[in-house]
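One letter stands for each residue in the lines below.
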Amino acid sequence: DKEAPADRDMFRYVEEKVRSWEVCFEPTIMDLPRHYANAEKTYYCCLIYMALMPLAPLVGFLSLLFQYVNDKWMLLRYCRRPSVVQNAEAALEGLMRMRFVLPWLLPIMMVYFLRPCFKNTGALSIATVFSLLPGILLILVPINRWAFLFRWAMPVWLQDEK
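Residues numbered from 1 in each chain as written. Predicted model: local features only at pLDDT ≥ 70, side-chain atom pairs only at ≥ 80, totals over all residues. Heavy atoms only, no water.

(A) Summary view of the overall build of the chain. Looking only at helices and strands, one finds 6 helices and 0 strands in the chain. Order of helices (α) and strands (β) in the chain, N terminus to C terminus: α-α-α-α-α-α. The C-alpha atoms of the chain give 27 Å as radius of gyration, which overshoots the globular expectation for 162 residues (15 Å, by more than 25%). For the chain, the C-alpha atoms occupy an extent of roughly 95 × 55 × 25 Å along the three principal directions. Here the chain, with 162 residues, has 15% of them falling under the buried criterion. For the chain, the exposed surface amounts to about 13,600 Å²; the carbon and sulfur share of it is 69%. The chain carries 18 positive and 15 negative side-chain charges, and their two centres are separated by 14 Å. (Helix = DSSP H or I, 4+ residues; strand = E, 2+ residues; numbered from the N terminus. Rg over C-alpha atoms; globule rule 2.2 N^0.38 Å. Buried < 20%, exposed > 50% of the residue type's maximum accessible area, 1.4 Å probe, protein only. Areas by Shrake-Rupley, 256 points an atom, 1.4 Å probe, with all protein chains shown as cover. Lys, Arg positive; Asp, Glu negative; His and termini not counted. Charge placed at Lys NZ, Arg CZ, Asp CG, Glu CD.)

Structure, rendered in structure tokens:
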């Protein structure tokens, strides 16, 4: 059985069309930096507006939880493996930014949003200074010193046996 040239051309055309569709419908690679940026943006917006709306952390937590579940489903069920494996550097950088921004952003936003509500702004200024003190300590003292201090102060029955 010899195939007719028209049949071979038609088969080749269909094969090329199927390959082009495979490329079009191939699962995408998840854009992790964009997802990290969205999570940080949600976190900082909740932190900024916490002085005005005390439920902002709850809304932010639910939003981040939904984003986590959605991203996990996308990674496990839909997206393909990335060609280059990414490490945890972006996540650690985000945590370091949060470590340095959290202690001073909340007191400053408290002053910014609540100053019009106070007749005597001295009380607000004192509260701001007291709320900035732990932040200054967290920024100035290295993490390994804090870890040593907390390990030293931990009760014996909570420490790991050696």
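Now that the structure is up, let's keep going.
(B) Up close: the packing of aromatic side chains. Here the structure, examined in full by the defined rule, presents 4 aromatic pairs. Ring geometry for Y43 versus Y44: centroids 5.5 Å apart, planes at 65°, classification edge-to-face. Given the relative accessible area of 24%, Y43 is considered partly exposed. Between the aromatic rings of Y112 and F113, the centroid separation amounts to 5.1 Å while the plane-to-plane angle is 70°, which identifies the pairing as edge-to-face. The class for Y112 is exposed, based on a relative accessible area of 59%. (Phe/Tyr/Trp six-rings, centres within 6.5 Å; stacked < 30°, edge-to-face > 60°.)

(C) Molecular detail of the nonpolar core. Y44, L47, V101, L105, M109 and F113 form the largest nonpolar core, which has 6 residues in total. When residues of this core are traced back to their parent elements, those giving at least two are α2 (32-48) and α4 (89-114). Examining the composition of this core, we find that 4 residues originate from one element, α4, more than from any other. (Core = buried A, V, L, I, M, F, W, Y, C linked by side-chain atoms within 4.5 Å.)

(D) View of the packing of α4 against helix α5 (residues 121-140). Relative to each other, α4 and α5 sit at 170°, their axes nearing to 8 Å. The orientation of α4 with respect to α5, classified from their angle, is roughly antiparallel. Judged by residue contacts, R99, F100, P103, W104, P107, M110, V111 and L114 of α4 engage L124, A127, T128, S131, L132, G135, L138 and I139 from α5. Along the lines of polarity and charge, the residues of the contact of α4 with α5 split into 12 nonpolar, 3 polar and 1 charged. (Axes fitted to C-alpha atoms, helices over the stretch in contact; angles between N-to-C directions. Parallel < 35°, antiparallel > 145°, perpendicular 65-115°, else oblique. Contact = heavy atoms within 4.5 Å. Nonpolar A, V, L, I, M, F, W, Y, C, P; charged D, E, K, R; others polar.)

(E) Representation of the pattern of salt bridges within the structure. Going through the model one piece at a time under the given rule, you end up with 4 salt bridges. Across the pair R19 and E15 runs a salt bridge, and its minimum N-O distance is 3.4 Å. On the criterion of helical spacing, the pair formed by R19 and E15 is a turn pair, its members being 4 residues apart in helix α1 (residues 5-24). Since its relative accessible area comes to 49%, R19 is described here as partly exposed. The partner of D31 in a salt bridge is R34, and the shortest N-O contact between them spans 3.8 Å. (Salt bridge = Lys/Arg side-chain N within 4 Å of Asp/Glu carboxyl O.)

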